[in-house]
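Listed here are the chains, written in short residue letters.
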Amino acid sequence: GRLLHPGCGMSVLPVRLHAAGCELAIASLDTSRTCVEAMRSTYGHMPGLTWDVQDVRCLREDEVYDAALEKGCLDAMLCDSEDSAASYVRGVARLLS
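Residues numbered from 1 in each chain as written. Predicted model: local features only at pLDDT ≥ 70, side-chain atom pairs only at ≥ 80, totals over all residues. Heavy atoms only, no water.

Visitor: Looking at this structure, how should I read the nonpolar core?
Guide: Most often, soluble globular proteins keep nonpolar side chains buried together rather than apart. L4, A27, L29, V56, L59, Y65, C73, M77, A85, Y88, V92 and L95 together form the largest nonpolar core, which totals 12 residues. Listed by contribution, the elements that provide at least two residues to this core are β2 (25-30), α3 (73-80) and α4 (82-95). At four residues, the largest contribution of residues to this core is made by α4. M77 has contacts with V56, R57, S84, A85 and Y88, leaving out every residue within four places of it along the chain. Judged by nonpolar contacts, the second largest core, of nine residues, contains L3, I26, V36 and M39. (Core = buried A, V, L, I, M, F, W, Y, C linked by side-chain atoms within 4.5 Å. Buried < 20%, exposed > 50% of the residue type's maximum accessible area, 1.4 Å probe, protein only. Helix = DSSP H or I, 4+ residues; strand = E, 2+ residues; numbered from the N terminus. Contact = heavy atoms within 4.5 Å.)

Visitor: Which parts of the structure should I look at to understand the state of the cysteines?
Guide: Two cysteines joined by a covalent bond between their sulfur atoms form a disulfide. Tallying each qualifying case throughout the model produces zero disulfides. C58 takes part in no disulfide bond, and the closest cysteine sulfur to it belongs to C73, at a distance of 12 Å. Take C58: its relative accessible area is 55%, and that puts it in the exposed class. For the unlinked cysteine C73, the closest cysteine sulfur is that of C8, found at 9.1 Å. (Disulfide = S-S within 2.5 Å.)

Visitor: Even after reading the chapter, I still don't get the environment of C35, so can you show me in this structure?
Guide: Considering the arrangement of structural elements, one finds C35 in helix α2 (residues 33-43). For C35, a relative accessible area of 17% translates into the label buried. In this structure the C-alpha to C-alpha distance between C35 and R90, which are 55 residues apart in sequence, comes to 24 Å. In contact with C35, not counting residues within four places along its chain, are G9 and M10.

That's the geometry; what it means functionally is another story.
Here it is, written out as structure tokens:
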């Protein structure tokens with residue numbers, strides 16, 4: 001299965017899930033190239049874990065995930081605007097199988 005981790009920042013949650021035996025492929029997305037590059041540099045060798053630069057309000061529709069792990073991105077979107085938050089929620093919902 002595949003797990004989406006939107007707005008990942010520098011979170012090590014995917015690394016901890018992997019270490020605990022989680023066998024899902026985890027795709028972590030963030031708009032910060034600095035965060036994504038740092039995570040790739042440190043943990044990119046771990047099988048099943050990926051980090052990509054992408055705006056979670058404009059998710060690619062060609063990806064499908066079994067679940068999404070949301071741990072703060074929606075709060076950040078709500079600080080921007082209700083429209084940003086709504087775009088984010090709609091985008092994640094579209095990607096769930």
